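Commentary on secondary and tertiary structure
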Amino acid sequence: MLSNNILDRCHAHRRYEVRKTITNVYNKIGTPMDIGKLSFQTELNVMTRSLWGNTIEGLEDSVTGVSFRELSNEVMRLLGKPNISDFFPVLARFDIQGVEREMKKVFLSVDQILDRIIEQRMKLDTAKEKRASNNREEKDFLQFLLDVKEQETTETPITRTQIKAMLLDILVGGTDTTATTIEWAMAEMMSNPETMRKAQEELADVVGMTNIVEESHLPKLKYMDAVMKETLRLRPAVPLLVPKCPSESCTVGGYTVPKGAKVFLNVWAMHRDPKYWNNPSEFKPERFLTDSSRWDYRGNNFQYLPFGSGRRVCPGIPLAERMLIYLLASLLHSFDWQLITKGEDLDLSEQFGIVLKRRTPLIVVPTKRLPNSALYA
Ligand code: HEM
C-alpha cells in the first residue's frame with residue numbers, strides 16, 4: 001500500500017482530496033484558518049480513502065462523539081507523557097498517573113470506529129458484492145487484509161484485532177506527522193517572507209498562473225523540496241524517533257548499551273548540531289540546494305534522519321514526500337496568506353511530545369491568488 005507503484009495507481013484519491021481542500025478554502029476566503037487542522041483533515045481523508053475507500057467524516061462523531069483528530073491528539077499526548085511506570089516498572093500495576101487508564105479509554109473509541117468500518121465492509125460482502133470486488137481492478141488495503149484473514153490456509157493467520165492495529169498504526173503514524181510538518185513549513189515561511197516569495201515564484205514558473213498544481217509538477221519543484229527538507233531538519237516531526245530496545249547488549253561509539261535498555265535517538269539535537277550545520281537555528285532551505293544528491297529521507301546520511309534509519313525507518317516516506325509538497329504547493333499556489341494581525345511576531349515555540357507540535361496553532365488568512373475563479377472549483 002505504501003510503495004511508489006501503488007501510490008502512482010491511487011493518485012486520484014490525493015488529487016480529489018487536495019482539490020476539495022482548495023475549494024473549501026476558497027469558499028471561506030478572507031476568514032482565519034487553522035493550517036494544522038486543515039492539513040490533518042486532508043491527509044486523514046487521503047489515507048482512509050486508500051485504506052478502505054472512504055473517509056470517516058461524520059462516522060467518527062456519530063460513533064464516539066469526538067473527531068478522529070481529537071482522538072489522535074490524545075494518543076500523541078499520552079504517548080509523549082513521561083510516565084513513572086516506565087521508570088519504575090514495579091509501580092506499573094498501580095498506574096499512578098492514570099496514563100494507562102486514559103489510553104485504554106481512547107483506544108476503546110478508536111476501536112469502535114474501526115469496528116464499524118469493518119462491519120460495514122463485511123455487510124457489503126454478499127456473494128454479489130464479493131464478485132464485484134474480486135473483479136475490481138484495485139483492492140483497497142482493508143479488502144486485502146480481510147481476504148488474507150478469510151484464507152484459513154495462510155501460514156500466519158491474521159485476526160480482526162491485528163487488522164485494526166495495522167489500520168491504526170498507519171493512520172496514527174501518517175496523519176499528525178504530515179499535518180504538523182505542513183503547519184511548521186507554513187509558519188517558517190511566514191516568518192521568513194523571502195522563502196515564501198521564492199517558493200511562489202517557482203510555482204509561477206513551473207505550474208503557471210492559469211493552471212493548477214498536479215503531482216506531475218512535483219519533481220520540478222526543487223525549491224519547495226528544499227523548504228520541506230529544511231522544515232524537517234529544524235522541526236523533525238518525531239524528534240526522538242520511536243524508542244529502540246536492543247535484543248543483545250552492544251557497544252555504540254564507546255558506550256555500552258545493555259540488552260533491554262530503552263534508547264531514544266535525539267534527532268532534534270543532531271539536526272541542530274553546529275559541528276554539522278552552519279547557523280543551525282536559521283531557516284535556510286538553500287542549504288539543501290547545493291549538493292542535493294547528499295540529501296534524501298532514506299536515513300543513510302547520519303547527520304539528517306527525519307524519518308529514522310535502518311529496519312524501522314518510516315514506511316510512509318513515499319506517501320509523505322508526495323503529500324507534503326503537493327498540499328503545501330497547492331496552498332501557496334492558489335492563495336496568498338497573511339497573519340490575522342499584520343506585522344505581529346509569529347510564535348515559533350514548540351511543545352514537548354512524541355510529535356513536535358507548535359505551542360499555538362497557526363491561524364492565517366487566505367486571499368485569492370489565481371486570476372481565473374474556475375481554477376478553484
Ligand atoms: C512528515 C511525515 C512523516 C514523518 C516525519 C515520519 C517519521 C517517522 C519516524 C521518525 C518514524 C520512526 C523511525 C525510527 O524510529 O527509526 C516513523 C515510523 C512510522 N511511520 Fe512515519 N513519518 C511520516 C509520515 C508517515 C506516513 C504518511 C505514514 C503512513 C502512511 C507513516 C507510517 C509510519 C509507521 C507505520 C511507522 C512505524 C514503523 C515501525 O515501527 O516499523 N509515517 N515515522
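By the naming in an unreviewed UniProt entry, the chain goes by Cytochrome P450 and is assigned to Vitis rotundifolia. In its Cofactor (unreviewed entry) section, the UniProt entry covering the chain states "heme".

Some thoughts on the site of the ligand
The full set close to the ligand counts 26 residues, and Gly 173, Val 242, Lys 244, Arg 312 and Cys 314 are the nearest of them. At 3.2 Å from a nitrogen atom of the ligand is found a main-chain nitrogen or oxygen belonging to Gly 173. Here Arg 312 contributes a side-chain N or O atom positioned 2.9 Å from an oxygen atom of the ligand. When residues of the shell around the ligand are traced back to their parent elements, those giving at least two are α10 (160-191) and α14 (317-334). The element best represented in the shell around the ligand is α10, accounting for 7 residues. Along the lines of polarity and charge, the residues of the shell around the ligand split into 15 nonpolar, 8 polar and 3 charged.

Let's talk about the nonpolar core
Buried together is how nonpolar side chains tend to be arranged in soluble globular proteins. Core analysis: the largest hydrophobic core is formed by 88 residues, its most contacted members being Met 186, Met 224, Leu 328, Leu 332 and Trp 337. Of all the elements, α10 adds the most residues to this core, at 13 residues. Met 224 has contacts with Ala 199, Glu 202, Leu 203, Ile 325, Leu 328, Ala 329 and Leu 332, leaving out every residue within four places of it along the chain.

Here's the deal with the pattern of salt bridges
Under the criterion given, the structure shown has 28 salt bridges. With a closest N to O distance of 3.3 Å, Lys 104 and Glu 100 form a salt bridge. Of the two residues, Lys 104 and Glu 100 both sit in helix α7 (residues 99-123), 4 residues apart, roughly one turn of that helix. Note on Lys 104: relative accessible area 56%, which makes it exposed. Under the relative-accessibility criterion, Glu 100 is labelled partly exposed at 41%. One connected set of salt bridges, linked through shared partners, spans Asp 111, Asp 115, Glu 119, Arg 160 and Lys 164.

Details of the sheet that holds strand β7 (residues 363-368)
Strand order in the open sheet formed by 3 strands is β1-β7-β4, and the pairing between neighbours is antiparallel. A single partner strand is all that each edge strand has here, and the edge strands are β1 (33-34) and β4 (335-339). Bridge analysis of β4 against β7 gives 5 bridges, and the strand direction is antiparallel. Considered in β7, the bridge of Leu 339 is made with Val 364.

Criteria and thresholds
Residues numbered from 1 in each chain as written. Predicted model: local features only at pLDDT ≥ 70, side-chain atom pairs only at ≥ 80, totals over all residues. Heavy atoms only, no water. UniProt positions renumbered as here; feature names shortened; annotations may be inferred. Near = heavy atom within 4 Å. Polar contact = N/O pair within 3.5 Å; in protein donor to acceptor, adjacent residues only side chain to side chain. Helix = DSSP H or I, 4+ residues; strand = E, 2+ residues; numbered from the N terminus. Nonpolar A, V, L, I, M, F, W, Y, C, P; charged D, E, K, R; others polar. Core = buried A, V, L, I, M, F, W, Y, C linked by side-chain atoms within 4.5 Å. Buried < 20%, exposed > 50% of the residue type's maximum accessible area, 1.4 Å probe, protein only. Contact = heavy atoms within 4.5 Å. Salt bridge = Lys/Arg side-chain N within 4 Å of Asp/Glu carboxyl O. Pairing = 2+ DSSP bridges.

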